[in-house]
Each structure stands twice: as C-alpha cells, then as structure tokens.
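Summary of the model geometry
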Amino acid sequence: MVGAIIGVAGFAFEQTHSDWRPHATRTALGWRVTQPYLGINEPVMAGDHLAWQSGPYTITMDLRSGSSRLIGNAGDAQSLTPPAVSPSAAMWIEYTPGAQEKTLVYAYDFSSHRRQRLLETSADLDTPAVAGSTVYWLRGQGSATAVVACDIASGRRRVLATGSGLGPFLLAGDSLVAWSHQGRPLGPFTLTVLDTADGTTTDLALPGQTSGAIFETPILAGGTLAWLRTDKQSAAAAISTYDLR
C-alpha cells in the first residue's frame, strides 16, 4: 500500500514539475505537434492515441482533445525504448545503468490512466510490442531467446516460443503476434504468425530476400502486414503489404 501511494505521488509530481509538454495546435486537418528542444522520436498511433519518445520522456496524446500526458521519465534518452501502442495501452522498456543494472517493463492503460511496472529483471529484453491489453517482448539472446507475452491487468506472463535465431522483428496487432526467425546471420528469415484467438501458427517467408536486400521492421495492423525493402546497390525501394487473414 505504501509503495502504491509513493508511486501515485511520484506520477503526479512528474506531471506538474517536468519540462516535457509538447506544443499541440489544432489545424483544419487535425493536429500539429512539436516538441521544443527534445524533438519527437518514433511516434506511433493506435485508436485515439499517439505516443512517442522525447529525450528521457515517454509521452502520449489524446487525439480527440489534444491533451498530452507524461507516462514515463527515464534517466536519459539512451535508457529506454520508443513506446509501442494499441488502442487500449502503451508500453515501453527502461534500463537503469550501473553495477546493479536492471531492465524495467512499463505499461500505461488509457482508460484507467494507470501506469504499471510489469517486470523488473536483469535479463536482456528487446523489441516491445502491444496488442489490446497484452504486451510482448523478446527475452535473452542467442540460443536462449524467448518470445514472452504478458497480460497488463493481471501481470501474468507466458512464453510463446523459445530457440535460437529468434528476432529481431516482433509484431502484434489484434489477436495476431508475429516474430522473425533467422537460421544464420545475414541469411533469409521467416515470420511465425500466431493467432492467439485459436492458437494456430503460420510460417511466412517475405519475398525478395536476395543478397543485398535490406528489410526494415515490418508493421502489423488490422491483420495486414506491411514492410519496406531496399536494394543496397541500386537504392531502389518498395513497400509491400500482405493480408494475413
């Protein structure tokens, strides 16, 4: 109970005393958002909410009202990942430096306006993703890599897959979660797509995986996969989509 009270008090202090607020101006087409000095890093949008990293801060904005909220305050800009967002929640990972280095997983519920620390660990975590009220991340490296799912409300975690060569891509949207598997460095990769509604999995090899092809992190939204592929030699680029349903 004492910890909860301290957490609420600290969250309220951040809202009123940190120099984090963006400038939001309503336009004929929507909103123009700027972040003086710190800039806006990797903004993501889902439903009625926008989220981004600005220096050490993690910030969300309600697109209906234009109001913004500070939901995370890390030690510095290098100590956290840009957020992932769903219509229900945002999540991100923070790292505490020093001899007792810790990795912290946070989630923020848009309806309850509640921030939770879902996990504190010394293990390597990467590639946060969120769909609905479930967050996902990659844990470990090499042969000990695992895809982990965590329910925000209960904090219950489960491992979806383990093995070597998992990642770096991890995507989530609706009932679907997908992760990449690469058998050897710089070799071709496949995506394993899990439908959490019925437990079925599908393996998908994205086309165009020739020598010299660079794939940016794919995006998964509404059952549609989208990705950018660039040819190193010609610099020619193509955006492709695939309907997973």
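That block above? That's the structure.
In this report, we go over the structure that sits alongside the text. Fair warning: this is a prediction, and the values are worked out from it, not measured in the lab.

**Notes on the overall build of the protein chain**
Counting its regular elements, the protein chain contains one helix and 22 strands. Taken over C-alpha atoms, the radius of gyration comes to 19 Å for the protein chain, in line with the 18 Å a tight globule of 245 residues would show. Seen through its C-alpha atoms, the protein chain measures out along the principal axes to roughly 50 × 45 × 40 Å. The long-range share in the protein chain, meaning contacts at least 24 apart out of those at least 6 apart in sequence, stands at 30%. With the model as given, the accessible surface of the protein chain reaches about 13,200 Å², and the carbon-plus-sulfur share is 52%. Charged side chains of the protein chain number 17 positive and 20 negative; the gap between the two group centres comes to 3 Å.

**What about the side chain of Thr192?**
In this fold, Thr192 is placed in strand E17 (residues 189-195). Residue classification places Thr192 among the buried residues on the basis of a relative accessible area of 14%. Within polar-contact distance, the side chain of Thr192 engages the side chain of Asp203 at 2.9 Å. Beyond its immediate sequence surroundings of up to four residues, Thr192 is in contact with Val177, Ala178, Trp179, Thr201, Thr202 and Asp203.

**Re the sheet that holds strand E6 (residues 68-73)**
In sheet architecture, strand pairing relies on hydrogen bonds along the backbone and comes in two forms, parallel and antiparallel. Strand order in the open sheet formed by four strands is E3-E4-E5-E6, with antiparallel pairing between adjacent strands. Bordering the open sheet on either side are strand E3 (41-46) and E6, each of which pairs with just one other strand. Shown here is a sheet whose adjacent strand axes are inclined to one another by a mean of 20 degrees, direction ignored. By the bridge criterion, six bridges tie strand E4 (residues 49-54) to strand E5 (residues 57-62) in an arrangement that is antiparallel. Within the sheet, the bridge partner assigned to Leu50 lies in E5 and is Met61.

Here is what the cut-offs are and how they apply
- Residue positions are counted from 1 within each chain, in the order its sequence is given.
- Confidence filtering applies because this is a predicted model: local features only for residues at pLDDT of at least 70, side-chain atom pairs given and counted only at 80 or more, and all residues used for totals across whole chains, interfaces and linings.
- Side-chain measures were taken over the full set of non-hydrogen atoms in the model, leaving aside hydrogen atoms and water.
- Runs of H or I in DSSP of at least four residues are treated as helices and runs of E of at least two as strands, each being numbered from the N terminus.
- Every radius of gyration here is taken over C-alpha atoms, with the globule rule written as 2.2 Å times N^0.38, N being the number of residues.
- By definition, residues are in contact when any of their heavy atoms lie within 4.5 Å.
- For the accessible areas, the method is Shrake-Rupley and the probe is 1.4 Å, while residue cover comes only from the protein chains on display.
- In this count, Lys and Arg are taken as positive residues and Asp and Glu as negative ones, while His and the chain termini are left out.
- Every charge is mapped onto a representative atom, which is NZ of Lys, CZ of Arg, CG of Asp or CD of Glu.
- Think of it in three bands: residues with accessible area under 20% of the maximum for their type are buried, residues over 50% are exposed, and the middle band is partly exposed, with areas taken using a 1.4 Å probe on protein chains only.
- Definition of a polar contact: a pair of N or O atoms within 3.5 Å, with one able to donate and the other able to accept a hydrogen when the atoms are protein atoms, and with sequence-neighbouring residues admitted only if both atoms are side-chain atoms.
- Here the rule is simple: two strands pair whenever DSSP picks up at least two bridges between them.
- Here the axes come from fitting lines to C-alpha atoms, over the contacting stretch only for helices, and the angles between their N-to-C directions go from 0 to 180 degrees.

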